[in-house]
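Listed here are the chains, written in short residue letters.
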Protein chains: 2
Amino acid sequence: MDVRLRRKKPAGKSTRIQEVNRRIILDAALEVFSTYGFRGSTIDQIADRAGMSKPNLLYYFKRKQDIYVSVLEDTLADWLQPLADMDPLGDPVTELQRYIARKLAMSAARPEASRLFANEILQGAPAIQKFLRTTLKDLVDEKAAVLRRWMTDGRIAAVDPHHLIFMIWAMTQHYADFETQVRAIIGSEADSTAFRQTAGQAITTLLLDGLKRR
Amino acid sequence: MDVRLRRKKPAGKSTRIQEVNRRIILDAALEVFSTYGFRGSTIDQIADRAGMSKPNLLYYFKRKQDIYVSVLEDTLADWLQPLADMDPLGDPVTELQRYIARKLAMSAARPEASRLFANEILQGAPAIQKFLRTTLKDLVDEKAAVLRRWMTDGRIAAVDPHHLIFMIWAMTQHYADFETQVRAIIGSEADSTAFRQTAGQAITTLLLDGLKRR
DNA sequence: GTCCTGTTTTACCGCTTGGTCAACAATTGA
DNA sequence: TCAATTGTTGACCAAGCGGTAAAACAGGAC
């Protein structure tokens, strides 16, 4: 089981019904896989949520792994876009603010996607190991170099750039991955846009200005 | 399935063999559950890792849930200790540094414990829902009040204290929960103590001093 | 109508899973 | 020493699992 790094092209023709049902299945699969992980999810669960019988689902995806890999491929590229878009020529603080804001927006808009990766990585990333070691590593190394240049140029404070990227990931994805915990502590208010704004402000303030009084 | 909030006392007498084998089982179960979550783990896996037959394991814990709940109970209390120990009368910056350092040390020393919670919460926290809404919420609210007092007293910058706590959790636990990803990007060096020190410095610097040049 | 293609369902298979049971082995205590 | 207790195991079961086969169904082209 392994994801292809590029979005697979349908190659052959596909009917309208195929497109619709594939979409329905992938949506249902995302919800299930993002909650229980690959091993903890069952085809029946996905079929139920997709509103179709198990054999019918298996008519569109021959095996459980195929669904899983498709869901992962479907979201991987999108997920890295904000980091890829960080502009080496832009103003460092503006770029970082923008990056954080976009990551936070994605976590809020598609928390299941975040949880899907979290589950995959927790389980040792069997399906995306290669992706992590190549595409992701290359992108992160490239952006870390950009950050380092900003630091040696004295435009932002010196912190290990890899760790900085990890920290931004950790903070922005926390509200998606640990939503249950956040909601248990904060209450229903955790859904409000006000809460999300406060979270964004807190992250930005902490990362950019720090806690110490100046 | 639900954890009891206090450590259960053995009540009846228990033999030496019982104590030893329970410990072996719980250690094996922690490794398995922390990787695959409750639903993704099997009793056979745990029995294999514990080096005993499945019926023998079930002699000590009647059901899969019982093992799971026991493992959770075993680690929950320890996990919150650092936050509980944060001293309202201490120096804010010192206390925060200490808290971060202890959390980071725990994540490094027992990453499986961190991943166990991550998995449980990702799956909607079916076993510790009550714990999150009572014990954890109370503790967090209490410490958030302490942080808020420090802020209104002008001893640290003003950031929403709940979010601050979430951010510290996110950052310190990231290296345990996403170890696979970190290792894929950093390489084997990720195990080194040097790497861990750099991580600690980065977190502390970011949280306390921020990124902007002063 | 009837053929063809694509879609859906019913029935099923073999394997894994959580869990039981009864028999057997080891330990303990008098 | 020997019986009672505690610990261990192989055989087994019912339910759940991923997956298959084949028949039934739908709809358009002729």
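See the structure printed just above.
Residues numbered from 1 in each chain as written. Chains lettered and ligands numbered in written order. Predicted model: local features only at pLDDT ≥ 70, side-chain atom pairs only at ≥ 80, totals over all residues. Heavy atoms only, no water.

Take the pattern of salt bridges next. As a working rule, side chains carrying opposite charge can pair if their charged atoms are close by. Residue and element names in this part refer to chain A. As enumerated under the stated definition, the model contains 20 salt bridges over all chains in all. The salt bridge partner of E179 is R183, with a shortest N-O separation of 3.0 Å. In this pair, E179 and R183 are both assigned in helix α9 (residues 179-186), four residues apart and thus about one turn of the helix distant. With relative accessibility at 23%, the residue E179 sits in the partly exposed group. What emerges from the salt-bridge pattern is a single network uniting R115, E179, R183 and D191. (Salt bridge = Lys/Arg side-chain N within 4 Å of Asp/Glu carboxyl O. Helix = DSSP H or I, 4+ residues; strand = E, 2+ residues; numbered from the N terminus. Buried < 20%, exposed > 50% of the residue type's maximum accessible area, 1.4 Å probe, protein only.)

This part is about the relation of the copies chain B and chain A. Once chain B is rotated about the relating axis by 180° and shifted along it by 0.0 Å, it coincides with chain A to within an RMSD of 0.1 Å. Such a turn and shift between the copies fits a two-fold axis. Here 100% of the contact residues of chain B are again contact residues in chain A; the copies associate through an equivalent surface. (Least-squares fit on C-alpha atoms with pLDDT ≥ 70 in both. Contact = heavy atoms within 4.5 Å.)

To continue, consider the environment of E73 of chain B. All names here are of chain B. Looking at the secondary structure, you find E73 in helix α4 (residues 64-84). Take E73: its relative accessible area is 7%, and that puts it in the buried class. Linking E73 and D2, residues 71 residues apart in sequence, is a C-alpha distance of 9.8 Å.

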